[in-house]
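Residue strings, one per chain:
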Amino acid sequence: LISNPLLVAPNASARERIEEQRRNVFEYFGRDAGNTRGHNDTEPRSDATGIVRIIALGDSFAYGIVGYEKNFLTRLESKLAERVGLPVEVVNLGLPGLQPKDYLQMLAEEGVALRPDLVVVLLFAGNDLMRVGAATPFDARNWRLVGFALRLWRFAAERARTQDPGAAAAAA
């Protein structure tokens, strides 16, 4: 990631949005609500030797509306540690109001330095997968999603046809 300048080139609009959302978190929840970077988490361990470290990127879905102890990422951390028998640290880098296009910037600025073993991107279908600013359904930004939906529909129709020819004829 770091060796490719196209992936880590500074993105001024993402940086501004991240800092604005961080200010909003501090303003709304206060400076004691999370860690020093505004995330609903404790400070990452300085020495991660022998620890499985996972970075979680996201918006309010990752940040959570509940306190740190009840956040699903905190619970994931303890459950994974039980399952794998190793210390696990899930670092929550979620901030309310971020967009998927901001996540790479957050990873580049905060996540990479933590040397994660795994990066998880949390998307919420309610807002992260919606069209953003598209003027018409024919906007090129929507073609991939439309193409995916059409392929999924064709797959389902073909599957129905091959499993139950009578049902497929009735549906057509």
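Worth saying up front: this structure is predicted, and the values here are computed from it rather than measured.

The rules we used
Residues numbered from 1 in each chain as written. Predicted model: local features only at pLDDT ≥ 70, side-chain atom pairs only at ≥ 80, totals over all residues. Heavy atoms only, no water. Pairing = 2+ DSSP bridges. Helix = DSSP H or I, 4+ residues; strand = E, 2+ residues; numbered from the N terminus. Axes fitted to C-alpha atoms, helices over the stretch in contact; angles between N-to-C directions. Contact = heavy atoms within 4.5 Å. Buried < 20%, exposed > 50% of the residue type's maximum accessible area, 1.4 Å probe, protein only. 1 Å grid on protein atoms, 1.4 Å probe; cavity = no way out; pocket = protein on both sides within 12 Å on 5 of 7 lines; lining within 4 Å. Points joined across faces, edges and corners; volume = space filled by probe spheres on them. Nonpolar A, V, L, I, M, F, W, Y, C, P; charged D, E, K, R; others polar. Patch = residues over 30% accessible without salt bridge, like charges linked within 9 Å, V, L, I, M, F, W, Y side chains within 5 Å. Areas by Shrake-Rupley, 256 points an atom, 1.4 Å probe, with all protein chains shown as cover. Salt bridge = Lys/Arg side-chain N within 4 Å of Asp/Glu carboxyl O. Lys, Arg positive; Asp, Glu negative; His and termini not counted. Charge placed at Lys NZ, Arg CZ, Asp CG, Glu CD. Core = buried A, V, L, I, M, F, W, Y, C linked by side-chain atoms within 4.5 Å.

## Regarding the sheet that holds strand 3 (residues 118-121)
Backbone-to-backbone hydrogen bonds pair the strands of a sheet. The strands run either parallel or antiparallel.
Line of reasoning, step 1. Sheet architecture is open: three strands sit in the order 2-1-3, paired in parallel fashion. The open sheet terminates on both sides in strands that have one partner only, identified here as strand 2 (88-92) and strand 3. Strand-to-strand twist of the sheet, defined as the mean angle between neighbouring strand axes without regard to direction, takes the value 20 degrees.
Line of reasoning, step 2. Bridge count for strand 1 (residues 52-57) against strand 3 is four bridges, and the pairing is parallel. Bridge pairing in strand 3 places Leu-57 opposite Val-121.
Line of reasoning, step 3. Each of strand 1 and strand 2 is contacted by helix 4 (residues 72-84), which is oriented at about 160 degrees to strand 2, the strand it contacts most.
Line of reasoning, step 4. Against the sheet, helix 5 (residues 100-111) touches strand 1 and strand 3, its axis set at about 145 degrees to strand 1.

## So, the environment of Gly-97
Line of reasoning, step 1. Locating Gly-97 in the fold gives a position in the loop between strand 2 and helix 5.
Line of reasoning, step 2. Taking the C-alpha atoms as reference points, Gly-97 and Asp-59, separated by 38 residues in sequence, lie 5.7 Å from one another.

## A few points about the side chain of Arg-17
Line of reasoning, step 1. Summarising the element assignment, Arg-17 is placed in helix 2 (residues 12-29).
Line of reasoning, step 2. A relative accessible area of 17% places Arg-17 in the buried class.
Line of reasoning, step 3. Beyond its immediate stretch of four places on either side in the chain, Arg-17 contacts Gly-97, Leu-98, Gln-99, Lys-101 and Asp-102.

## Points about empty space enclosed by the protein
Line of reasoning, step 1. Summed over the entire model, instances satisfying the criterion amount to one cavity of 30 Å³ or more.
Line of reasoning, step 2. Size it by volume and the largest cavity reaches roughly 40 Å³.
Line of reasoning, step 3. Around the largest cavity, the lining residues are Asn-40, Asp-41, Tyr-68, Asn-71, Leu-73, Thr-74, Glu-77, Val-90 and Asn-92.
Line of reasoning, step 4. Those elements that provide at least two residues to the lining of the largest cavity are helix 4 and strand 2.
Line of reasoning, step 5. At three residues, the largest contribution of residues to the lining of the largest cavity is made by helix 4.
Line of reasoning, step 6. In terms of residue class, the lining of the largest cavity is made up of three nonpolar, four polar and two charged.

## A short note on the environment of Val-25
Line of reasoning, step 1. Turning to its location among the elements, Val-25 is positioned in helix 2.
Line of reasoning, step 2. On the accessibility criterion, Val-25 (5% relative accessible area) is buried.

## Focus: a positive patch on the surface
Line of reasoning, step 1. On the surface, Lys-70, Arg-75, Lys-79 and Arg-83 cluster together into a positively charged patch.
Line of reasoning, step 2. If you trace the backbone, Arg-75 turns up in helix 4.

## Structural notes on unusual backbone geometry
Line of reasoning, step 1. Here Arg-115, not a glycine, exhibits a phi torsion of approximately 50 degrees, which is positive.
Line of reasoning, step 2. Mapped onto the elements of the fold, Arg-115 is located in the loop between helix 5 and strand 3.

## Regarding the pairing of strand 1
Line of reasoning, step 1. Among the six residues that make up strand 1, five are buried, leaving the element largely enclosed by the rest of the structure.
Line of reasoning, step 2. Two strands pair when backbone bridges link them, and strand 1 and strand 2 are joined in this way by five bridges, in the parallel orientation. Within strand 2, the residue paired with Ala-56 across the bridge is Asn-92.

## A short note on the nonpolar core
Line of reasoning, step 1. Judged by nonpolar contacts, the single largest core of 13 residues is most densely connected at Ile-55, Leu-57, Leu-93, Leu-95, Leu-98 and Met-106.
Line of reasoning, step 2. Among the secondary structure elements, those contributing two or more residues to this core are helix 2, strand 1 and helix 5.
Line of reasoning, step 3. A per-element tally of this core places helix 5 first, with three residues.
Line of reasoning, step 4. Aside from chain neighbours lying at most four places away, what touches Ile-55 is Val-91, Leu-93, Gly-111, Leu-114, Pro-116, Leu-118, Val-119 and Val-120.

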